[in-house]
Amino acid sequence: MPTPTLTESERHALLLAARAAQRHAYAPYSGYLVGAAVLDGEGRIHAGCNVENAAYPEGLCAEAAALAAMVLAGGTHARAVMVVGNGGKNNGAWTTPCGGCRQKLREFGGPDLVILTANAENSGPHFTLAQLLPESFGPDHLRPT
């Protein structure tokens with residue numbers, strides 16, 4: 001299945017950035033390392049990793065960290081996101097953004113935002129944000145017409 005609106009070069013750069021970020025994840029409690037990379041509207045890539053905390057609800061997801069890096073660099077629009085995680089039996093389960101991160105991604109991307117998945121060895125399926133977060137509530141709901 002082709003990756004919508006992304007060049008092969010962009011997809012590959014996202015994959016490399018997310019895999020590099022995954023190697024820096026801090027997950028001493030779950031052992032579940034996740035890396036993410038966001039391609040912004042200017043063509044720049046921003047990476048993040050998950051950071052756990054002994055007080056579990058206080059951790060940070062890789063997608064949220066990547067979005068924070070994008071905002072810090074002046075970005076306000078996400079074109080694509082790559083999420084890299086290893087899970088399930090024989091790494092057969094693809095890591096997609098959690099519910100909270102899906103909503104965070106909606107803040108910076110519309111329903112057509114491309115979300116790609118991969119693990120340490122292979123690229124996985126891709127989705128649109130509309131597939132993962134149907135009928136979402138976003139910034140456009142709060143702006144006057």
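It should be emphasised that the depicted structure is a prediction, and the values quoted were computed from it without experimental measurement. (Residues numbered from 1 in each chain as written. Predicted model: local features only at pLDDT ≥ 70, side-chain atom pairs only at ≥ 80, totals over all residues. Heavy atoms only, no water.)

A. Spotlight on the nonpolar core. Of all hydrophobic cores here, the largest spans 16 residues; its most connected members are Val38, Val81, Leu105, Leu113, Ile115 and Leu129. Residue assignment for this core shows that the elements contributing at least two residues are strand 1 (34-40), helix 2 (62-72), strand 3 (78-85) and helix 4 (129-132). With four residues, the single largest contributor to this core is helix 2. (Core = buried A, V, L, I, M, F, W, Y, C linked by side-chain atoms within 4.5 Å. Buried < 20%, exposed > 50% of the residue type's maximum accessible area, 1.4 Å probe, protein only. Helix = DSSP H or I, 4+ residues; strand = E, 2+ residues; numbered from the N terminus.)

B. View of a nonpolar patch on the surface. Side chains of Tyr26, Tyr29, Val51, Tyr56 and Leu60 sit close together on the surface and give an oily, nonpolar patch of about 510 Å² of accessible area. On the secondary structure map, Tyr29 appears in the loop between helix 1 (8-22) and strand 1. Accessibility expressed as a relative area gives 43% for Tyr29, which makes it partly exposed. (Patch = residues over 30% accessible without salt bridge, like charges linked within 9 Å, V, L, I, M, F, W, Y side chains within 5 Å. Areas by Shrake-Rupley, 256 points an atom, 1.4 Å probe, with all protein chains shown as cover. Salt bridge = Lys/Arg side-chain N within 4 Å of Asp/Glu carboxyl O.)

C. Quick peek at helix 2. What helix 2 keeps buried is the set Ala62, Glu63, Ala64, Ala65, Ala66, Leu67 and Met70. Of the surrounding elements, those touching the buried residues of helix 2 are strand 1, strand 2 (45-49), strand 3 and helix 3 (99-108). Directly after helix 2, the chain includes Gly74, whose backbone phi takes a positive value near 95 degrees. (Contact = heavy atoms within 4.5 Å.)

D. Expanded view of the environment of Gly92. Tracing the backbone shows Gly92 in the loop between strand 3 and helix 3. The sequence separation of Gly92 and Asn119 amounts to 27 residues, and the corresponding C-alpha distance is 8.9 Å.

E. Just the side chain of Asn50, in detail. Along the polypeptide, Asn50 turns up in the loop between strand 2 and helix 2. Of note is the side chain of Asn50, whose polar atom sits 2.8 Å from the backbone oxygen of Tyr32. Residues contacting Asn50, with those up to four places away along its chain left out, are Ala25, Tyr26, Ala27, Tyr32, Leu33, Val34, Leu60, Cys61 and Ala62. (Polar contact = N/O pair within 3.5 Å; in protein donor to acceptor, adjacent residues only side chain to side chain.)

F. Local environment of the sheet that holds strand 4 (residues 114-118). Spatially, the five strands line up as an open sheet ordered 2-1-3-4-5, and their pairing is mixed. Both outer strands of the open sheet, strand 2 and strand 5 (123-128), are each paired with one neighbouring strand and no more. Strand-to-strand twist in this sheet, taken as the mean axis angle between neighbours without regard to direction, amounts to 20 degrees. Summarising the sheet, strand 3 and strand 4 pair through five bridges and their orientation is parallel. Within strand 4, the position partnered with Ala80 by the bridge is Val114. Packing against the sheet, helix 1 makes contact with strand 1, strand 2, strand 3, strand 4 and strand 5, and its axis sits at approximately 145 degrees to strand 1. Those strands touched by helix 2 are strand 1, strand 2 and strand 3, and its axis lies near 140 degrees from that of strand 2. (Pairing = 2+ DSSP bridges. Axes fitted to C-alpha atoms, helices over the stretch in contact; angles between N-to-C directions.)

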